[in-house]
Amino acid sequence: MELISSYMVPINEQTFLMGSAQNSDIVYCGEQPQHEVHLNSFMICNTVITSDLFSRFDKHSENNGRLPATNISWFDAFVFSKWVDCSLPTEAEWELASAKLEDEHWCCKETELNDFAWYSENSKGILHEVAKKKPNSMGIYDMHGNVWEWVLDDYEEEYYSNSRRENPCCLESGQYKVCRGGSIHAFSEMCRCEFRYYEPPAFKTMDLGFRVVKREGR
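Residues numbered from 1 in each chain as written. Predicted model: local features only at pLDDT ≥ 70, side-chain atom pairs only at ≥ 80, totals over all residues. Heavy atoms only, no water.

Participant: Help me out: how do you make sense of empty space enclosed by the protein in this one?
Facilitator: Think of a ball as big as a water molecule: rolled over the atoms, this probe shows where empty space is left. Within the structure shown, the criterion is met by 1 cavity of 30 Å³ or more. Roughly 30 Å³ of volume is contained in the largest cavity. Lining the largest cavity are Cys107, Phe116, Lys134, Asn136, Ile140, Tyr141, Asp142, Met143 and His144. (1 Å grid on protein atoms, 1.4 Å probe; cavity = no way out; pocket = protein on both sides within 12 Å on 5 of 7 lines; lining within 4 Å. Points joined across faces, edges and corners; volume = space filled by probe spheres on them.)

Participant: Looking at this model, I keep getting lost on the environment of Cys45. Mind explaining?
Facilitator: Among the secondary structure elements, Cys45 is positioned in strand S4 (residues 42-45). For Cys45, a relative accessible area of 0% corresponds to the buried category. Taking the C-alpha atoms as reference points, Cys45 and Met190, 145 residues apart in sequence, are found 22 Å from one another. Apart from the residues lying within four places of it in its own chain, the contact partners of Cys45 are Tyr7, Met8, Ile140, Arg211 and Val212. (Helix = DSSP H or I, 4+ residues; strand = E, 2+ residues; numbered from the N terminus. Buried < 20%, exposed > 50% of the residue type's maximum accessible area, 1.4 Å probe, protein only. Contact = heavy atoms within 4.5 Å.)

Participant: What is the right way to look at the state of the cysteines in this model?
Facilitator: For the structure on display, the rule yields 0 disulfides. Its sulfur unpaired, Cys45 is 8.1 Å from the next cysteine sulfur, which belongs to Cys86. No disulfide involves Cys108; its nearest neighbouring cysteine sulfur is the one of Cys107, lying 4.3 Å away. (Disulfide = S-S within 2.5 Å.)

Participant: For this particular structure, what's the right way to read the nonpolar core?
Facilitator: Judged by nonpolar contacts, the single largest core of 32 residues is most densely connected at Ile4, Ile49, Phe54, Phe80, Trp150, Phe210 and Val212. Elements with a contribution of two residues or more to this core: helix H1 (51-57), helix H2 (74-83), strand S5 (148-154) and strand S8 (208-210). Among the nonpolar cores identified, the runner-up in size contains 21 residues, and Phe42, Ile44, Trp94 and Met143 belong to it. (Core = buried A, V, L, I, M, F, W, Y, C linked by side-chain atoms within 4.5 Å.)

Participant: Looking at this structure, how should I read the sheet that holds strand S9 (residues 213-215)?
Facilitator: Working definition: the strands of a sheet are paired by backbone hydrogen bonds and lie parallel or antiparallel to each other. Here we have 3 strands laid out as an open sheet, ordered S1-S4-S9, and antiparallel in their pairing. A strand with exactly one partner marks an edge of an open sheet, and here the two such strands are strand S1 (8-11) and S9. When the angles between neighbouring strand axes are averaged without regard to direction, this sheet yields 25°. Across 3 bridges, the pairing between S4 and S9 is antiparallel. Pairing of Met43 across the sheet is with Lys214, part of S9. (Pairing = 2+ DSSP bridges. Axes fitted to C-alpha atoms, helices over the stretch in contact; angles between N-to-C directions.)

Participant: Quick question: what am I supposed to make of the pairing of strand S3 (residues 35-39) here?
Facilitator: In the case of a regular strand, side chains alternate between the two sheet surfaces. The buried fraction of S3 is high, at 4 of 5 residues. Looking at chain direction, strand S2 (residues 14-18) and S3 are connected through 5 bridges and run antiparallel. Bridge pairing in S3 links Phe16 to Val37.

Participant: How should the packing of aromatic side chains be read in this particular structure?
Facilitator: In this description, an aromatic ring pair is defined by two values, namely the gap between the centres and the angle between the planes. Summed over all chains, the structure comprises 14 aromatic pairs. For the pair Trp74 and Phe78, a centre-to-centre distance of 5.1 Å together with 20° between the ring planes defines the contact as stacked. Of this pair, Trp74 and Phe78 both sit in helix H2, 4 residues apart, which is roughly one turn of the helix. Ring pairs connect the aromatic residues Phe54, Phe57, Phe80, Trp83 and Phe210, which therefore count as one cluster. For the cation-ring pair, Lys133 lies above Trp118, with the distance from its terminal atom to the ring centre recorded as 4.1 Å. (Phe/Tyr/Trp six-rings, centres within 6.5 Å; stacked < 30°, edge-to-face > 60°. Lys NZ or Arg CZ within 6 Å of the ring centre and 35° of its normal.)

Participant: Explanation requested: the sheet that holds strand S6 (residues 177-180) in the structure shown.
Facilitator: Taking strand neighbours across the sheet as the criterion, the 4 strands line up as S7-S6-S5-S8 in an open arrangement whose pairing is mixed. Each end of this open sheet is capped by a strand with a single partner; those strands are strand S7 (197-199) and S8. Recorded for the sheet is a direction-independent mean angle of 50° between the axes of neighbouring strands. In the packing of H2 onto the sheet, the strands contacted are S5, S6 and S8, and the crossing angle to S5 comes to about 80°.

In structure tokens form, the structure reads like this:
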């Protein structure tokens, strides 16, 4: 935890509506029904884990400084999170920390997304150093764009119909793991706070990374 303590920001215990509303103008598979979720307080890394930080864990990985650590499987991300005495965020924790504005799909208006995200419209197809765009209202950077982010949950398309209210986390099959946030190649609608993507846990690619959380008392 000491390695990343200066990057962690607190998120207070709260209740919020997760997923896309019934009358939403943009809806993809697995985003409904919108449902109430209550989360205990936690801390979350205000950037994705950088290449520099990851190289201290994996001496064989290439150190690209403050670029996001990528080409990392879910298993790699999970083990790193335990190495720093943390965890991967649950899907619900990630969505709360994305700081979606009321009546919007992002932490900002879509017309302002360029100020907060590296995505298909402005990235030029290359990764960018973390924290070069504006943070969201919770002080967290790059929740939209730059790299997809592994979270703890398994992907189940119908999970929201059965999700528990208190600190939910889907750990059903492990066949696919959820990725959130969009990337340098993503259109704006794929960078939405509600959008759910997924890959096999052994999958690796150049625009997929992760961040970590520390839960109260754990």
